Amino acid sequence: MAVLKVKFTKPKRDKLAQILWILNWLSVVSGIILFSLGLFLKIEIKKRNEVMAKGDINSVPNMLISVGVIACIINFLGGKICYDCSDANKFSRWKLVMLPYIVCTFCFTFCILVGALMCYTMRNELEESLYLGLRDAIKFYKDTDIPGRCFLKKTVDMLQIGFQCCGNNGFRDWFEIQWVSARYLNMASKEVLDRLKSNVDGKFLVDGVPFSCCNPSSPRPCIQYQLTNNSAHYNYDFLTEELNIWVKGCREALLDYYTAIMRSIGIAALLIWLFELSVLIGVRYLQTAMKNILLLGDPEGESDGWLLENSFVETAKYNISIIKNLGKANQISTVSGMNDPNIDVQNTNCGKTNVTTKSIPAA
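Every chain is numbered on its own, with residues counted from 1 as its sequence reads. In keeping with the predicted nature of the model, local features appear solely for residues at pLDDT of at least 70, side-chain atom pairs appear and are counted solely at 80 or more, and the whole-chain, interface and lining totals rest on all residues. Here the side-chain values reflect all heavy atoms present in the structure, with hydrogen atoms and water set aside.

**Notes on the overall build of the protein**
To be explicit about the condition: Helix and strand assignments follow DSSP, with helices taken as H or I runs no shorter than four residues and strands as E runs no shorter than two, numbered in order from the N terminus. Any pair of residues with heavy atoms lying within 4.5 Å of one another is described as a contacting pair. Here the accessible surface of atoms and residues is derived via Shrake-Rupley with a 1.4 Å probe, and residues count as covered only by protein chains that are part of the display.
A count of helices and strands for the protein gives 9 helices and 2 strands. Considering only contacts within the protein whose residues lie at least 6 apart along the sequence, 73% involve residues at least 24 apart. Carbon and sulfur atoms make up 61% of the accessible area of the protein, which amounts to about 22,500 Å² in all.

**Notes on the state of the cysteines**
We count it as follows: Any two cysteine sulfur atoms lying within 2.5 Å of each other are counted as a disulfide. Classification of residues uses two cut-offs on accessible area relative to the type maximum, computed with a 1.4 Å probe and protein chains only: under 20% is buried, over 50% is exposed, and between them is partly exposed.
For the structure shown, the criterion picks out 3 disulfides. What pairs with C166 in a disulfide is C213, and their sulfur atoms sit 2.1 Å apart. Residues C166 and C213 are joined by a disulfide whose S-S torsion is about 85 degrees; by sign, that bridge is right-handed. Of this pair, C166 sits in the loop between α6 (152–163) and α7 (190–198) while C213 sits in the loop between α7 and α8 (250–296), and the two are 47 residues apart along the sequence. For C166, a relative accessible area of 0% translates into the label buried. Linked covalently through their sulfurs, C214 and C222 form a disulfide whose S-S length is 1.8 Å. The chirality of the disulfide connecting C214 with C222 is left-handed, given an S-S dihedral of about -75 degrees. Its relative accessible area of 16% is what places C214 among the buried residues. Classification of C222 by relative accessible area gives partly exposed; the value is 33%.

**A few points about the UniProt feature "transmembrane region" (unreviewed entry) in the protein**
Our working rule: UniProt positions are given in the numbering used here, feature names are shortened, and annotations may be inferred rather than shown by experiment.
Under the UniProt annotation, "transmembrane region" (unreviewed entry) lies at residues 20–40, 60–78, 98–120 and 265–286. Regarding residues 98–120, the helix share stands at 100% and the strand share at 0%, and the terminal C-alpha atoms are separated by 34 Å.

**A look at the pattern of salt bridges**
Selection criterion: The term salt bridge refers to a pairing of a side-chain nitrogen on Lys or Arg with a carboxyl oxygen on Asp or Glu at a separation within 4 Å.
A full pass over the atoms with the stated rule returns 11 salt bridges. Across the pair K10 and D14 runs a salt bridge, and its minimum N-O distance is 2.7 Å. Here K10 pairs with D14, and both are found in helix α1 (residues 10–47), just 4 residues apart, close to one helical turn. The exposure class of D14 is buried, given its relative accessible area of 18%. For the salt bridge of D136 with R135, the shortest nitrogen-to-oxygen distance reads 3.6 Å. Residue D136 is classed as partly exposed on the basis of its relative accessible area, which comes to 30%.

**Digging into the side chain of D143**
Selection criterion: Think of a polar contact as two N or O atoms within 3.5 Å of one another; within protein, one of them needs to be a possible hydrogen donor and the other a possible acceptor, and neighboring residues in sequence only count if both atoms come from side chains.
Along the chain, D143 turns up in the loop between α5 (123–139) and α6. Owing to a relative accessible area of 9%, D143 belongs among the buried residues under this scheme. For D143, the side chain forms a polar contact with the side chain of R149, separated by 3.1 Å. In contact with D143, not counting residues within four places along its chain, are R149 and C150.

**Looking at the environment of L271**
Topologically, L271 is positioned in helix α8. With relative accessibility at 54%, the residue L271 sits in the exposed group. Considered as a pair, L271 and A116 are 155 residues apart in the sequence and their alpha carbons are 9.4 Å apart.

**Re the packing of helix α2 (residues 59–84) against helix α4 (residues 95–121)**
Put simply, the rule reads: Working convention: axes come from line fits to C-alpha atoms, limited for helices to the stretch in contact. Angles between N-to-C directions cover 0 to 180 degrees. Between 65 and 115 degrees an angle is taken as roughly perpendicular, under 35 as roughly parallel, over 145 as roughly antiparallel, and anywhere else as oblique. Here a crossing is taken to be left-handed if its near helix is turned anticlockwise relative to the far helix by less than a right angle, and right-handed if that turn runs clockwise.
Between α2 and α4, the least distance of the axes is 10 Å, while the angle of their chain directions is 150 degrees. If you check the angle between α2 and α4, you find them roughly antiparallel. Read as a crossing pair, α2 and α4 show a hand that is left-handed. Within the contact between the two elements, α2 uses S59, V60, M63, L64, V67, I70, A71, I74, L77, G78 and I81 and α4 uses M98, Y101, T105, F108, C111, I112, V114, G115, M118 and C119.

**Quick notes on the nonpolar core**
We apply this condition: Definition of nonpolar core: a set of buried residues of the types Ala, Val, Leu, Ile, Met, Phe, Trp, Tyr and Cys, connected through side-chain atoms within 4.5 Å. Residue ranges for the domains trace back to a domain assignment, done automatically or taken from a database.
Counting 76 residues, the largest nonpolar core has L126, W174, V209, L227, V283 and L286 as the members making the most contacts within it. Elements represented by at least two residues in this core include exactly α1, α2, α4, α5, α6, α7 and α8. Counting residues per element, this core draws most heavily on α8, which supplies 18 residues. When residues of this core are sorted by domain, at least three fall in each of domain 1 (2–137 + 252–310) and domain 2 (175–247). Every residue in contact with L126, bar those within four places of it in the chain, is listed here: M52, I57, L255, Y258 and M262.

**With respect to the packing of α1 against α2**
How we decide: Each residue is assigned to one of three groups, with Ala, Val, Leu, Ile, Met, Phe, Trp, Tyr, Cys and Pro labelled nonpolar, Asp, Glu, Lys and Arg labelled charged, and all others, Gly among them, labelled polar.
Where α1 contacts α2, the axes come no closer than 7 Å and their chain directions differ by 165 degrees. In terms of axis orientation, α1 runs roughly antiparallel to α2. For the crossing formed where α1 meets α2, the hand is left-handed. Per-class residue counts for the contact of α1 with α2 are 22 nonpolar, 9 polar and 1 charged.

**Remarks on the packing of aromatic side chains**
Note the cut-off: Put simply, two rings from Phe, Tyr or Trp (the six-membered ring, in Trp's case) pair if the centres are within 6.5 Å, and we call them stacked under 30 degrees between planes, edge-to-face over 60, tilted for the rest.
Considering all chains together, one arrives at 9 aromatic pairs under this definition. Geometrically, the ring pair formed by F171 and F175 is edge-to-face, given 5.9 Å between the ring centres and 75 degrees between the ring planes. Taken individually, F171 and F175 each receive the classification buried, so the pair is uniform in this respect. Judged by centre distance (6.1 Å) and plane angle (15 degrees), the ring pair of W179 and Y225 falls under stacked. Of this pair, W179 sits in the loop between α6 and α7 while Y225 sits in the loop between α7 and α8, and the two are 46 residues apart along the sequence. Its relative accessible area of 9% is what places W179 among the buried residues. On the basis of relative accessible area, Y225 is assigned to the partly exposed category, the value being 43%. By way of ring pairs, the aromatic residues Y141, W174, W179 and Y225 are connected into one cluster.

Here it is as structure tokens:
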């Protein structure tokens, strides 16, 4: 029994073909949108790849870009097919192509769904990439005279100013590293030497942060150094007072930024998937209706269209049996006595045995 069978008259088939022709062109536009969204996300990730560790974070934008290009090609072809399906004679040219086209389009729409879901599952990979990348960027913040690292100070400063953040997890991350270059330390100062000697690794550690952590909206002048020393500042308590530096870590700020982008892209991709799925269902109805018209031989008559010719269970069993028998067509039977395909072939005896001798007539 056919699944979701619908009866189509000639005007209904023509109208369905015209609507699908328009929808396929709209699907081309949706493919361009997918391509643009993937390209936008790839550019946004590329902008801050200095503070990201290498990983699979580009898989989502690459997926969206690929799906967008395929969408334009498939839907352009689908528009041509639907336009010709209004005429039974023209449909005969496409009848062998439409079923493979529908199968390929179904796989393609599934890829759109996968791309949409990947936008929501990318958060963990992105968080790990940001954590490792920001950790290394802060670690090499002081290396302004080393090739390959000299740009990191500017990158981190612009990041902290633009996203109103400080450090990797927070401003205390700057307390654990030497972020002041040794070329700017006065080695003749006793305070500097004492700090270097007090550290096991010989690093100059201070309870201070770079200027880019300062909050310009604070009414109090920025306190960058001795953040945990109450006696170093007038009327100051670092435990109770709202610090005039950014408290949020840059990893959290960037993660929120990219999560918002990917959530929006995921919603757009899901809507495009639903739209593409509806167009695919319409094309399936048109294909089955036109196929039945050719079988009936009456282009002006009514025909049935359906999603599946048999029930879901029967269709599944049929497809599974096809898959199981794919490799059996060229196999030779190994039953005893049938190993040699020529074993039962009889040889033709061309010898002249038992030939009757022609009698000689008597004189």
